[in-house]
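Chain residues, written in single-letter form:
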Protein chains: 2
Amino acid sequence: MPKVRFEPSGRIVETVNENETLYELAARTGIQLESVCGGRGICGRCRVIIISDHIPVTSEDKKCISEKDLERGVRLACRHKVDRDLTVEVPEEFKRMGQVILEKTYVRVNIDPAVKKIALCVPPPSLDYPIADFERLKRVLVISRSGELKIPLKLLSELPEFLRKKEKTEIVLRDNEIIRLLDNENKRIYGVAIDVGTTTVVAYLMDLMTGEEVAVKSDMNAQIRYGDDVISRITFTMERSGGLEVLRDLVVGCINDLIQACCSSAQISKDDVYEVVVVGNTAMHHILFGLEMQSLVFAPHIPVVTDSVEQKAAEAGIAIWKEGYLYSLPNIAGFVGADHVGVLLAVEADQSGKVQMVIDIGTNGEISLITPNGIASTSCAAGPAFEGGNLAFGMRGAKGAIDHVRIKDDLKVEYSVIGNVKPRGVCGSGVVDAIAEMLRLGIIDRSGRIVEEIDSPRIVVKKGESCFIIAHENETDTGESIAITQNDVLQIQYAKAAMYAGAAILMKKMGLVEKDLEAILLAGAFGNYLDPASARTIGLFPELPLDRIIGIGNAAGAGAKMALLNKELRRRAIEIAKKVRYVELAAQPDFEETFYSALYFPHLDTSRFPLVTSEIIRKSKMCFSKMKNHSISKKEKVI
Amino acid sequence: MPKVRFEPSGRIVETVNENETLYELAARTGIQLESVCGGRGICGRCRVIIISDHIPVTSEDKKCISEKDLERGVRLACRHKVDRDLTVEVPEEFKRMGQVILEKTYVRVNIDPAVKKIALCVPPPSLDYPIADFERLKRVLVISRSGELKIPLKLLSELPEFLRKKEKTEIVLRDNEIIRLLDNENKRIYGVAIDVGTTTVVAYLMDLMTGEEVAVKSDMNAQIRYGDDVISRITFTMERSGGLEVLRDLVVGCINDLIQACCSSAQISKDDVYEVVVVGNTAMHHILFGLEMQSLVFAPHIPVVTDSVEQKAAEAGIAIWKEGYLYSLPNIAGFVGADHVGVLLAVEADQSGKVQMVIDIGTNGEISLITPNGIASTSCAAGPAFEGGNLAFGMRGAKGAIDHVRIKDDLKVEYSVIGNVKPRGVCGSGVVDAIAEMLRLGIIDRSGRIVEEIDSPRIVVKKGESCFIIAHENETDTGESIAITQNDVLQIQYAKAAMYAGAAILMKKMGLVEKDLEAILLAGAFGNYLDPASARTIGLFPELPLDRIIGIGNAAGAGAKMALLNKELRRRAIEIAKKVRYVELAAQPDFEETFYSALYFPHLDTSRFPLVTSEIIRKSKMCFSKMKNHSISKKEKVI
């Protein structure tokens, strides 16, 4: 039978029968050509360039392809059978591409998933061709990875009947393993990308043939009943025998519910889902795979494994196709997990020619400094303040939370509330806004002290602590006023100083300063809600012009989707995780000094924040001049 | 740390600490040096040649190594620490070797099993070396196979505690997978080679560090209650739902009992057995792995799989170490299975410069013609006659069976009985002996007819059928005489003609004649009991001088042991199975003619058996002259 050589890979594939088209042959080698009509000669999308030969132009070719392209050998792959040896080029742009949303920008992903559906025509055995069933199948199946074709014994046992039922068969292949013999040719194949956060789990159901996102569902991580943060979860597993299994069952249940919800919404069967690609922080990762976590909590915070891990979904308790897989991106360190690798993959950190800083703010914040000379990453123990924890009126970014705050020059407060209801508290982005505004107006000084001397009914002392009232009792759902207390300011100072110190130490390690940074990318839900200007004002990260501070949304989830749609990206994720230079802040001799300097607003060294500093000075001057008109002593306002 | 380059592999390995000796380093790279004392400088066996450098001679070196060898750089590996980069050669003869018995001859096998025990010194993590547990282990472990180091998640979870318990650790590695973390350094490691015959199952417990056979046990295949031969077993699985599982459970139970018996006899724990290497015919193989067998029974007799198959022992129900493996050598065709591949491996068919024929006689006989230009194999449906089936007084080669027969010129019969008891019947080797003797003495003619005309009390007609009495009623256990009937002769004719036709067709396919054959190797239990002269006389295989007809015993079992002790031999077995040219007798146009010509004793064409023919003519002449003296008519002797 004639052979086709595909460039640029150089792979050579023999046709299985004289009716096989170039389109089918390409699909069989794992090259998914762009196509809408599915090889019926209508859409004109499945193009290849025939470079070895001049083959006749069909009427469909003529209709769909420009004169110039016809001349350089472009043809519709589905309209040409292979009647002689050919060399064919498939440029990247001719391949089917998917899109992954990275907050307003789209990342184009070449659709080349680990899981593929492949049509095969396995010739029957005969006395002249007495070859075993599996070996006959092997002879017509082109697998891309080096290494032997594998098949679970369960499927191997079904193979004889399957091959004898019809001439043309379809199988589902994952890398070099057959994971399903398909009895229905019209089946589509799906995968799920999952971002397992400490707080929230998000599942994206993806069509592995088109790259399309078919459904998205999210829910709270059910483990939350055993603690809000990673440390309390780990402690739970250490203190309670069987605790690891308890947490594992909870997150597995959560994942299964989300997969079921996605499948119901897309009206497909769970059996058509073949792979779950998961990202999460190292602790979530370890819990999901049932790995002990003691060494994560104590310095030097060593994970059991950082390389990518996979397991048969059935063994992991994940309810998809029984021979499907659960796959996790690699981790970087004890507190820089696969979710951050997902972020780095989504921003193509390994191929970036720019100097960029990626910040994922959370109880445990991760920062990476991406440069053409390498990537350095660290984790910062920011504490729960940015998520509303340890604050007098703090709450999560849920219904009833004040999420944005503006303070007018006359100290009148404007705020927005999630769900448009009466406020019940204030979430991280609201607190950051409030503190930035207080700072700009001189209500707090650079050391963080609430300037009690200012004469305003909003500045009060409650239980011996100075506060700034954002919402008066008559405005709130609880009937109690909502305020930012002196302690709240301190909590945010600690949190932002931890983040800033991490960023500053990374820059120092890489020999860079602020002006070298081309962008700061804010990943994750908090990074998305956060007002970049406010965050910059309090000195949460190095000062950059606002147009270079960009929220990129759930980049970890985007990275998981990309790894689901393209297996080469998994290899790249592993490379990224390996080449990252992990910087342990606790091991840095200058960490303390860097941290304490960053406790100031925006920083002890104001020359690092020229824009913010000039704004604060300007504003507070304006403000103080107005303040002087008031005359009520603060004492009278004590409640 | 200094590095050592090992020749001829060229592998480069870094030392883990300054105390590591060349002996330990070699072990860590999977090179098992000859040693008795275990690296204590006493036995003088662990030699290497240091080729990069002249390193000082120690007193132990001097004591154990000749002047000449010292000069060319030979040193005791256990007496030299690595204090600089070295290049070291390890010739094959310096490696630890095991021996596998192949009936009186020993096959020397380089001990390089898939399963190895490896000592490691994994440095602890620190703030300066914050590497995950598994990745730290990877850095000190040199695995021979390309591909990633793997570890079951269950063991991965135990890794943190394991690594922190002591500085020096030991693991059990199978290829590139860690299958056990050893808590006791003194543990030995074992494997079991198993020959699963249709009738008998034999298990050999082998020490994987020395290559020593520690115990052997055998038992009947418990499946026998569902039929004596392969076809009836297959039919059972097709006719009875769940039948395959029934047979699988029986053979698995049988294997587990034998492993337990071996372990008890060697006083070791089943948990120290890490691998079971199995050989068996294709049907036994398919049953063991739970594969459907319908397509085996109908032409063209296609197996589900011919390549080697492996499975976690626990999944297969095999009771050894929970993460251990069940591995089978590959099959060649529907009726040439892994047992025959074992035979071909044991006789080193791929490296033979000779022309040899290997014959495994049984209900289903397998024949291979090994030549420097390739190997051709076939299977012959000989039927059960050689195993005592379908014969008037036939029985298996068990206690009470006449296994050897000599007939004197005066027709007095001498025979031996298995177990030295009164005979109850006659087994295959006895029947072949008897018929050969009858032929030599002219009691049967070349067409197989019992010459009733001969006047002897041993030649009688029973139930209308001519017989030759071997044991009179007063000699037997049953009180009934034991005879060879005309039908018995016919059964043996069919059986031997099938075998001979297979051999003849293979020779023809390869363009060879008898004189090209340097040896005929008779494998298997029957081949061992069989008298080669008698088999040759009846024309069971091509005529060769007797000294070139060699019984090689359980070569299939020897092949399984070799594959257990050396993983490279598995690759060779796969190569052998792939390169064998399988000849399907039923598809040969000249099969019928070849078969019918071979029905004659020794053959229709006597020029193919010059030695036998001249012997028969000489003997029968002598005999007939004596016969003439008798005068009792045959009619009087009818019982």
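Residue positions are given per chain, counting from 1 as you read along its sequence in written order. The order in which chains are written sets their letters, starting at A; the order in which ligands are written sets their numbers, starting at 1. Per-residue local features of the predicted model are confined to residues with pLDDT of at least 70, and side-chain atom pairs are confined, for both listing and counting, to 80 or more; whole-chain, interface and lining totals are unaffected and use all residues.

A few words now on the overall build of chain A. Tallying secondary structure elements over chain A gives 19 helices and 28 strands in all. Considering only C-alpha atoms, chain A reaches an extent of 105 × 60 × 50 Å along its principal axes. Exposure classes come from backbone-placed C-beta atoms, where a residue is buried if 20 or more other C-beta atoms lie within 10 Å of its own, exposed if 12 or fewer do, and partly exposed in between. Classification of the 639 residues of chain A by burial places 50% in the buried group. Two residues qualify as a contact pair if the distance between their C-beta atoms, derived from the backbone, is within 7 Å. Restricting to contacts in chain A with at least 6 residues of sequence separation, those with at least 24 account for 68%. A run of H or I in DSSP counts as a helix once it spans at least four residues, and a run of E counts as a strand once it spans at least two, with each numbered from the N terminus.

Below, the discussion takes up the sheet that holds strand β9 (residues 168-174) of chain A. Residue and element names in this part refer to chain A. Strands were regarded as paired on the criterion that DSSP finds at least two bridges between them. Strand order in the open sheet formed by three strands is β8-β9-β10, with antiparallel pairing between adjacent strands. Unpaired on one side and paired on the other, β8 (115-121) and β10 (177-182) mark the two borders of the sheet. Averaged over all adjacent pairs, the angle separating strand axes in this sheet is 30 degrees, with direction ignored. The convention used is that axes are lines fitted to C-alpha atoms, helices contributing only their stretch in contact, and that angles between N-to-C directions extend from 0 to 180 degrees. Across the sheet, helix α5 (residues 153-165) lies against β9 and β10, angled at about 45 degrees from β10, the strand it touches most.

Right, let's get into the interface of chain A and chain B. Every contact between the two is made by 34 residues of chain A and, on the other side, 34 residues of chain B. Element by element, the count of residues in the side of chain A that touches chain B is highest for α5 of chain A, at five residues. Put simply, Ala, Val, Leu, Ile, Met, Phe, Trp, Tyr, Cys and Pro go in the nonpolar bin, Asp, Glu, Lys and Arg in the charged bin, and everything else, Gly too, in the polar bin. Here the side of chain A that touches chain B is composed, by residue class, of 21 nonpolar, eight polar and five charged.

Each nonpolar core comprises buried Ala, Val, Leu, Ile, Met, Phe, Trp, Tyr and Cys residues, the members being joined through C-beta atoms within 7 Å. If you look at the biggest cluster of nonpolar residues, it comprises 362 residues, and the most contacted ones within it are I194, I435 and I470 of chain A together with I435 and I470 of chain B. For I194 of chain A, the contacting residues outside a window of four places in its chain are V201, V202, A203, I255, V276, V278 and A560 of chain A.

With that settled, consider the packing of helix α12 (residues 428-440) of chain B against helix α13 (residues 486-509) of chain B. Residues and elements named next belong to chain B. Orientation of α12 relative to α13, taken along the N-to-C sense of each, is 105 degrees, at an axis distance of 11 Å. The angle between α12 and α13 falls in the class roughly perpendicular. Residues V431, V432 and I435 of α12 lie in contact with α13, whose contacting residues are D488, V489 and I492. Classifying every residue of the contact of α12 with α13 gives five nonpolar, no polar and one charged. Should an angle fall under 35 degrees it is called roughly parallel, over 145 degrees roughly antiparallel, and 65 to 115 degrees roughly perpendicular, with every other angle called oblique.

Before going further, it helps to examine the domain arrangement of chain A. Along its sequence, chain A is organised into domain 1 (3-95), domain 2 (115-182), domain 3 (191-328), domain 4 (353-383 + 496-610) and domain 5 (385-492 + 617-637). Source of the domain bounds: an automatic or database domain assignment. Using C-alpha coordinates to define each centre, domain 3 of chain A is positioned 39 Å away from domain 5 of chain A.

Residue and element names in this part refer to chain B. If you trace the three strands from one edge of the open sheet to the other, you get β8-β9-β10, paired in antiparallel fashion. A single partner strand is all that each edge strand has here, and the edge strands are β8 (115-121) and β10 (177-182). Within this sheet the neighbouring strands show an average axis-to-axis angle of 30 degrees, counted without direction. Of the strands in this sheet, β9 (168-174) and β10 touch helix α5 (residues 153-165), which is tilted by about 45 degrees from β10.

This next bit is on the relation of the copies chain A and chain B. Copies overlap after least-squares fitting; the atoms used are the C-alpha atoms of residues with pLDDT of at least 70 in both. Take chain A, turn it by 180 degrees, move it 0.0 Å along the axis, and it overlays chain B with an RMSD of 0.1 Å. Here the symmetry operator amounts to a two-fold rotation axis. For chain A, the smallest separation between a C-alpha atom and the rotation axis is recorded for G147 of chain A, amounting to 4.6 Å. The fraction of interface residues of chain A whose copies in chain B are also interface residues reaches 100%, indicating that both copies meet through the same surface.

This paragraph deals with unusual backbone geometry. Cis rather than trans, the peptide bond between A299 of chain A and P300 of chain A has omega equal to 5 degrees. Within the secondary structure, P300 of chain A is located in the loop between α9 (294-297) and β15 (309-312). Look at the link from F601 of chain B to P602 of chain B: it is a cis peptide, with omega at -20 degrees. Relative to the assigned elements, P602 of chain B resides in the loop between α18 (591-598) and α19 (610-627). For H301 of chain A, which is not glycine, the phi dihedral falls at a positive 55 degrees. For H301 of chain A, the location among the structural elements is in the loop between α9 and β15. One non-glycine residue, N420 of chain A, lies in the positive phi region at around 55 degrees. Checked against the element boundaries, N420 of chain A lands in the loop between β21 (413-417) and β22 (425-426).

Moving on, we get to α12 of chain B. Residue and element names in this part refer to chain B. The end-to-end C-alpha distance of α12 is 18 Å, a good match for the 18 Å that 13 residues give at a rise of 1.5 Å each. Across the 13 residues of α12, 13 count as buried, placing the element largely inside the fold. G442 lies just past α12 and shows a positive phi near 80 degrees. Helix span is expected to be 1.5 Å times the residue number reduced by one.

Residues and elements named next belong to chain A. The residue I49 is located in strand β3 (residues 47-50) in this model. Sequence separation between I49 and S328 is 279 residues, and the spatial gap between their C-alpha atoms is 37 Å. I49 has contacts with R72, G73, V74, V88 and E89, leaving out every residue within four places of it along the chain.

Attention shifts here to the environment of C37 of chain B. All names here are of chain B. With respect to the helices, strands and loops of the structure, C37 is situated in the loop between α1 (22-28) and β3 (47-50). According to the C-beta neighbour criterion, C37 is exposed, with 12 such atoms within 10 Å. Residues within four places of C37 in sequence aside, it is in contact with I42 and C43.

This part takes up α5 of chain A. Over its 13 residues, α5 of chain A runs 19 Å from end to end, which matches the ideal 18 Å to within 8%, given 1.5 Å per residue. The sharpest bend along α5 of chain A measures roughly 45 degrees and falls at L159 of chain A, with the proline P160 of chain A sitting one to four residues further on. Buried within α5 of chain A are the following residues: L156, L159, P160 and L163 of chain A. Buried residues belonging to α5 of chain A abut α4 (133-140), β9 and β10 of chain A together with α9 (294-297) of chain B. One axis is fitted to the seven residues ending at the residue and one to the seven starting there. The bend at that residue is the angle between these axes.

All names here are of chain A. Burial runs high along β9: five of the seven residues are buried. Examined bridge by bridge, β9 and β10 share five bridges and lie antiparallel to one another. For E170, the partnering residue across the bridge sits in β10 and is L182. As consecutive antiparallel partners, β9 and β10 are separated by two residues, and within that stretch D175 has a phi angle of approximately 50 degrees, a positive value.

Right, let's get into the confidence of the model for chain A. Residues and elements named next belong to chain A. Summary of the metric used: pLDDT quantifies the predictor's per-residue confidence within the range 0 to 100. Per-chain confidence: chain A averages 90 in pLDDT, with 95% of residues scoring 70 or above. Segment residues 628-639: pLDDT under 50, and 14 contacts once partners within four positions in sequence are set aside and those in other chains are kept. If you check the scores for this complex, the pTM reads 0.84 and the ipTM reads 0.83.

Before going further, it helps to examine the environment of I552 of chain B. Of note, I552 of chain B is situated in strand β27 (residues 549-553). Taking the C-alpha atoms as reference points, I552 of chain B and R40 of chain B, separated by 512 residues in sequence, lie 39 Å from one another.

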